[in-house]
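# Examining the three-dimensional arrangement
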Amino acid sequence: QVQLVESGGGLVQPGGSLRLSCAASGSIFSIYTMGWYRPTPGKQRELVAAVTRGGSTNYADSVKGRFTISRDNAKNTMYLQMNSLKPEDTAVYYCNADGRSLEESDWDAWGQGTLVTVSS
């Protein structure tokens, strides 16, 4: 079983910055893709940003140029640096990852979410 724990959310003024972290633990042999998601009206969750094990990244158009995703494979941890935050970035941010377990089975896990509030 794999657990994902997010941290770093909070209240920030428009134009400010926050850094989210997602740490994976448990029966992990390898982690393929890690990503951040947030709910939007009409959709269950939208992809904010994702990063592969090799470092390739993908961003939602709404966050390009403002958010930067990264990961530390040695620590099984992913980060999201959020700059120039806007009120519309307010959401619960969920961490997602998939990979291979020590028992040689595939897994896909979600974190519990961390709240980001952008308000003056």
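## Some details on the state of the cysteines
A complete count under the given rule lists one disulfide for this structure. What pairs with Cys 22 in a disulfide is Cys 95, and their sulfur atoms sit 1.8 Å apart. Here Cys 22 and Cys 95 share a disulfide; its torsion about the S-S bond, -65 degrees, makes the bridge left-handed. Of the two residues, Cys 22 sits in strand S3 (residues 18-26) while Cys 95 sits in strand S9 (residues 91-100), which places them 73 residues apart along the sequence.

## Quick word on the pairing of strand S11 (residues 114-118)
Side chains Thr 114, Val 116 and Val 118 project from S11 onto a buried face, and the interleaved Leu 115 and Thr 117 project onto a face without burial. Two strands pair when backbone bridges link them, and strand S2 (residues 10-12) and S11 are joined in this way by three bridges, in the parallel orientation. Residue Gly 10 lies in a different strand from S11, and its bridge partner there is Val 116. Bridge count for S9 against S11 is three bridges, and the pairing is antiparallel. Considered in S11, the bridge of Val 92 is made with Leu 115.

## A short note on the pattern of salt bridges
If the charged atoms of two oppositely charged side chains come close together, the side chains can form a pair. All told, the structure shown has five salt bridges when counted by the stated rule. Residue Arg 38 pairs with Asp 89 through a salt bridge whose shortest N-O separation is 3.2 Å. Here the residue Arg 38 occupies a position in strand S4 (residues 30-40), and Asp 89 occupies one in the loop between strand S8 (77-82) and S9, the gap between them amounting to 51 residues. Looking at Arg 38, the relative accessible area reads 6%, which means it is buried. The exposure class assigned to Asp 89 is buried, which follows from its relative accessible area of 1%. For Arg 100, the salt bridge is made with Asp 106, and the minimal N-O distance between the two is 2.9 Å. The network of salt bridges with common partners includes Arg 38, Glu 46, Arg 66 and Asp 89.

## Details of the sheet that holds strand S1 (residues 2-7)
If you walk across this open sheet you meet the four strands as S1-S3-S8-S7, and the pairing is antiparallel. Only two strands of the sheet have a single partner each, and these edge strands are S1 and strand S7 (67-72). Sheet twist, expressed as the mean angle between neighbouring strand axes with direction ignored, is 15 degrees. Note that S7 and S8 share six bridges and pair antiparallel. Opposite Thr 68, over in S8, you have Gln 81 as the bridge partner.

Criteria and thresholds
Residues numbered from 1 in each chain as written. Predicted model: local features only at pLDDT ≥ 70, side-chain atom pairs only at ≥ 80, totals over all residues. Heavy atoms only, no water. Disulfide = S-S within 2.5 Å. Helix = DSSP H or I, 4+ residues; strand = E, 2+ residues; numbered from the N terminus. Buried < 20%, exposed > 50% of the residue type's maximum accessible area, 1.4 Å probe, protein only. Pairing = 2+ DSSP bridges. Salt bridge = Lys/Arg side-chain N within 4 Å of Asp/Glu carboxyl O. Axes fitted to C-alpha atoms, helices over the stretch in contact; angles between N-to-C directions.

By themselves, these observations are geometric and do not establish any function.
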